[in-house]
Amino acid sequence: MPNILLLAGDGIGPEVMAQTKRVLEWASDKASLNFTFQDALAGGASYDAHGTPLTDEVLESALNADAVILGAVGGPDYDNVERHLRPEIALLKLRKELDLFANLRPAITYPSLANASSLKPELVSGLDILIVRELTSGVYFGTPRGMETLPDGTQRCVDTQSYTEAEISRIAHVAFELAKQRNNLVHSAEKANVMETGAFWRKIVTETHAKHFSDITLEHILADNCAMQLVRCPKQFDVLVTDNLFGDLLSDVAAMLTGSLGMLPSASLGAPDVNGKRRAMYEPVHGSAPDIAGKNIANPIATIASSSMMLRYSFNCEQIANKIDKAIETVLDNGLRTADIAGDNDRSISTTDMGDAILQALT
Ligand code: NAD
């Protein structure tokens, strides 16, 4: 029986997780998946109860789970907590210990929400891009890093961009595999023109493509041009693979094409084991939204869509995942909106009502 670890976290985390669990219970029944759910504390909630954002027991549960779903962590109550005990440490520790090197961030613009984008509706309506970001290496982790004092007494600060062949090859594999399930098109973004690691990235992606995925179309694009193209003509992209730093920036650009933070899911995947099974954590892109926590007005769609990614990538349940995605689209087409996506003339509904509506569209 697959075991799903649910870490609701802080702020709106428990509210959006409650609706997600209802959808997953439906999916479990519908596809006879027999999920067992384990609820545990993470982030500020864990700090309050145990004095640490992630206990060893919960980490162990995450390592043993078939998949982890996380709501959100953090909030102003923890602003003065020592850095190593901050709620966000739970996230970083989970990503590191589970070795979640591939971050998948879809940017989907539902036609009925195209007006919420800052771009012209015709540019984004029906947009469906998948950004695959390398998450555990590159300039955020490379050494040497830090400050030094120069002989003349002034200071110098260093970060190091570093990638091994294996690190590039494994993220490229993930992107090409995903492209097979989509439209057989991968763009790889780097700065091969000015960075050694950029030229190396391009070389390894090209070799991986030629060796294993030559039936897929591969386009190389400079990361700065990619940022420009994302706002000029975003529908030219399907799967976009890039490093940690550029992925951080480009996925936020792509995210904003879709209009609202409350709509954006994500997945972080580890390497496959001998049975082809990957460790994985699924979470909305948004944070704990302390400004609206406890009011039952948060949008649960990002977390529900993250659980749909879980069904697709951890359990190969493409049909059920599609049904959930379709139910979200139907609900939006029917004009139902939480406050964050409501237009001036729309009546907004609660978090629970949105959960009800999605379940109703499913059944
Ligand atoms: P945030 O994403 O929590 O909120 C930004 C804005 O978007 C707020 O106005 C919020 O009300 C709105 N919003 C976010 N999610 C929404 C939803 N589902 N429905 C409706 N509105 C939504 O970002 P922030 O305010 O910068 O951060 C708040 C806390 O969350 C901080 O402690 C931060 O460190 C933490 N955080 C956690 C994660 C995570 O757990 N993955 C990610 C980002 C921020």
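Everything that follows concerns the structure shown earlier in this document.
Keep in mind that this is a model prediction, so the values were computed, not measured.

Can you help me understand the overall build of the protein chain in this one?
On a plain count of helices and strands, the protein chain comes out with twelve helices and twelve strands. Here the C-alpha radius of gyration of the protein chain, 21 Å, is about what a compact globule of 363 residues would show, namely 21 Å. Principal axes of the C-alpha set define a box for the protein chain whose edges measure 60 × 50 × 45 Å. Within the protein chain, the fraction of its 363 residues that count as buried is 52%. Once local pairs closer than 6 in sequence are excluded, the contacts in the protein chain between residues at least 24 apart make up 73%. Carbon and sulfur atoms form 49% of the exposed surface of the protein chain, whose accessible area is close to 16,200 Å². The centroid of the 31 positive side-chain charges in the protein chain is displaced by 4 Å from the centroid of its 47 negative side-chain charges.

How should the site of the ligand be read in this particular structure?
In the neighbourhood of the ligand, 21 residues make up the surrounding shell, with E88, G287, A289, D291 and N299 lying closest. Here an oxygen atom of the ligand sits 2.5 Å away from a polar atom, N or O, in the side chain of E88. The residue inventory of the shell around the ligand, partitioned by class, reads ten nonpolar, seven polar and four charged.

What should I look at first to understand the pattern of salt bridges in this one?
It is possible for side chains bearing opposite charge to pair when their charged atoms get close. Under the counting rule described, the total for this entry stands at 17 salt bridges. Residues R105 and D252 are paired through a salt bridge, measuring 3.1 Å at the closest nitrogen-oxygen approach. Of this pair, R105 sits in strand β4 (residues 102-108) while D252 sits in helix α9 (residues 244-257), placing them 147 residues apart in sequence. For R182, the salt bridge goes to D128, with nearest N and O atoms at 3.3 Å.

Hey, could you run me through the packing of helix α8 (residues 223-232) against α9 in this one?
Each pair of packed helices can be described by the angle between their axes along with the distance between the axes. Between α8 and α9, the shortest axis-to-axis distance is 10 Å and the interhelical angle comes to 5°. As far as their axial angle goes, α9 and α8 are roughly parallel. Across from A223, C226, A227, L230 and V231 in α8, the residues of α9 making contact are F246, L250, V253 and L257. For the contact of α8 with α9, the class distribution of residues is nine nonpolar, no polar and no charged.

What counts, and where the lines are drawn
Residues numbered from 1 in each chain as written. Predicted model: local features only at pLDDT ≥ 70, side-chain atom pairs only at ≥ 80, totals over all residues. Heavy atoms only, no water. Helix = DSSP H or I, 4+ residues; strand = E, 2+ residues; numbered from the N terminus. Rg over C-alpha atoms; globule rule 2.2 N^0.38 Å. Buried < 20%, exposed > 50% of the residue type's maximum accessible area, 1.4 Å probe, protein only. Contact = heavy atoms within 4.5 Å. Areas by Shrake-Rupley, 256 points an atom, 1.4 Å probe, with all protein chains shown as cover. Lys, Arg positive; Asp, Glu negative; His and termini not counted. Charge placed at Lys NZ, Arg CZ, Asp CG, Glu CD. Near = heavy atom within 4 Å. Polar contact = N/O pair within 3.5 Å; in protein donor to acceptor, adjacent residues only side chain to side chain. Nonpolar A, V, L, I, M, F, W, Y, C, P; charged D, E, K, R; others polar. Salt bridge = Lys/Arg side-chain N within 4 Å of Asp/Glu carboxyl O. Axes fitted to C-alpha atoms, helices over the stretch in contact; angles between N-to-C directions. Parallel < 35°, antiparallel > 145°, perpendicular 65-115°, else oblique.

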